[in-house]
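# Results of the structural survey
The primary structure of each chain is shown beneath.
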Amino acid sequence: MPRQFLMGALYALLALLAPTLYGMGAIAQALPPNAVLDFEFCGLERNCYVFLQTLSPTQRDWMMASLGLDYLLMALYAPLGWVLLRLLEPALPVRWRRATRVLAWAMWLAGLADAMENALLIQVLAAGADRGLAWPAGLCAAIKFALLAIGLLWWLGFGAAALWRCWRQRPLSTTA
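This text gives an overview of the structure that appears in the document. Each chain carries its own residue numbering, running from 1 in the written order of its sequence. Selection of residues for local features in this predicted model requires a pLDDT of at least 70, selection of side-chain atom pairs for listing and counting requires 80 or more, and totals for whole chains, interfaces and linings are taken over all residues. Side-chain figures throughout are based on the complete set of non-hydrogen atoms in the structure, without hydrogens or water.

### Examining the overall build of the protein chain
Helix and strand definitions follow DSSP, with helices as H or I runs of at least four residues and strands as E runs of at least two, each counted in order from the N terminus. Check the secondary structure of the protein chain and you find six helices and zero strands. Element order for the protein chain, N to C, with α for helix and β for strand: α-α-α-α-α-α. Taking 2.2 N^0.38 as the reference for a compact globule, 176 residues should give roughly 16 Å; the C-alpha atoms of the protein chain span a radius of gyration of 20 Å, well beyond that estimate. Referenced to the eigenvectors of the C-alpha coordinate spread, the extents of the protein chain come out at roughly 70 × 30 × 25 Å. Three exposure classes are used, based on accessible area relative to the maximum for each residue type with a 1.4 Å probe and protein chains only: buried under 20%, partly exposed in between, and exposed over 50%. Looking at the protein chain as a whole, 38% of its 176 residues are labelled buried. What makes two residues a contact is simply this: any of their non-hydrogen atoms within 4.5 Å. Of the contacts formed within the protein chain by residues at least 6 apart in sequence, a portion of 81% connects residues at least 24 apart. As displayed, the protein chain offers around 10300 Å² of accessible surface, 69% of which is attributable to carbon and sulfur atoms. Under the convention used here, Asp and Glu are negative, Lys and Arg are positive, and both His and the chain ends fall outside the count. A single reference atom marks each charge: NZ on Lys, CZ on Arg, CG on Asp, CD on Glu. Both charge centroids of the protein chain, one from 13 positive and one from 9 negative side chains, sit 20 Å from each other. For the radius of gyration, the atom set is restricted to C-alpha positions; the globular benchmark scales as 2.2 Å times the number of residues to the power 0.38. Using the Shrake-Rupley algorithm and a 1.4 Å probe, accessible areas are obtained, with residue cover drawn only from the displayed protein chains.

Take a look at the structure:
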């Protein structure tokens, strides 16, 4: 993949990500603290019905808006993770490149898990009850967050190591 293409994609994704995150933050202000995360994982704790009863009708509407906007967010973070890891790949020792490439493709799986999670949570929210859909939604959320965390830690760790190698190979001053 040409580096120039990846850099252009990176800039475009970052430009679209900023207003999307702003919108998600504005929606989160209309909800109780941690409501989105609590809702994502309520199926694993088997308390979705109780959680939904704590929301007002307006807050349920905001939660539905959050799930809708999250589809745009996943359309941005999945390719962003892919691009960032693919940009990192050539800077790594050969033995780590394949794992980095596989992890880059796993970012798309995280987006798919998020899409499945949202589809299930929309059904839970619309029905006002669990109906057996919240547990798989929680499992999808766990998979999504696990993949994203691994990708982020990989990128930060190996990115810092690559920057360190570059810094050590270049002299601090060109004057002798």
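### Considerations on the state of the cysteines
By definition, a disulfide links the sulfur atoms of two cysteines through a covalent bond. Note on terminology: pairs of cysteine sulfur atoms within 2.5 Å are recorded as disulfides. The tally for this structure, following the rule as stated, stands at one disulfide. Disulfide partner of C42: C48, at an S-S distance of 1.7 Å. Across the S-S bond of C42 and C48 the torsion is about 85°, and the bridge reads as right-handed. Here C42 and C48 have matching classes, each one buried. This cysteine, C140, is not joined by any disulfide, and C42 carries the nearest cysteine sulfur, 13 Å off.

### Comments concerning the environment of L152
You can see L152 is positioned in helix α6 (residues 134-169). For L152, a relative accessible area of 47% corresponds to the partly exposed category. In the structure, L152 is positioned 71 residues away from G81 in sequence and 7.9 Å away in space, judged by C-alpha atoms.

### Things to note about the side chain of E89
Inspection of the secondary structure puts E89 in the loop between α4 (57-88) and α5 (94-127). Any pair of nitrogen or oxygen atoms within 3.5 Å is treated as a polar contact; in protein, a donor-acceptor pairing is required on top of that, and neighbouring residues in sequence qualify only through side-chain atoms on both sides. Within the structure, the side chain of E89 is placed 2.8 Å from the side chain of R101, a separation counted as a polar contact. Among residues more than four places away in sequence, those in contact with E89 are R97, T100 and R101.

Function cannot be inferred from these measures alone, as they are strictly geometric.
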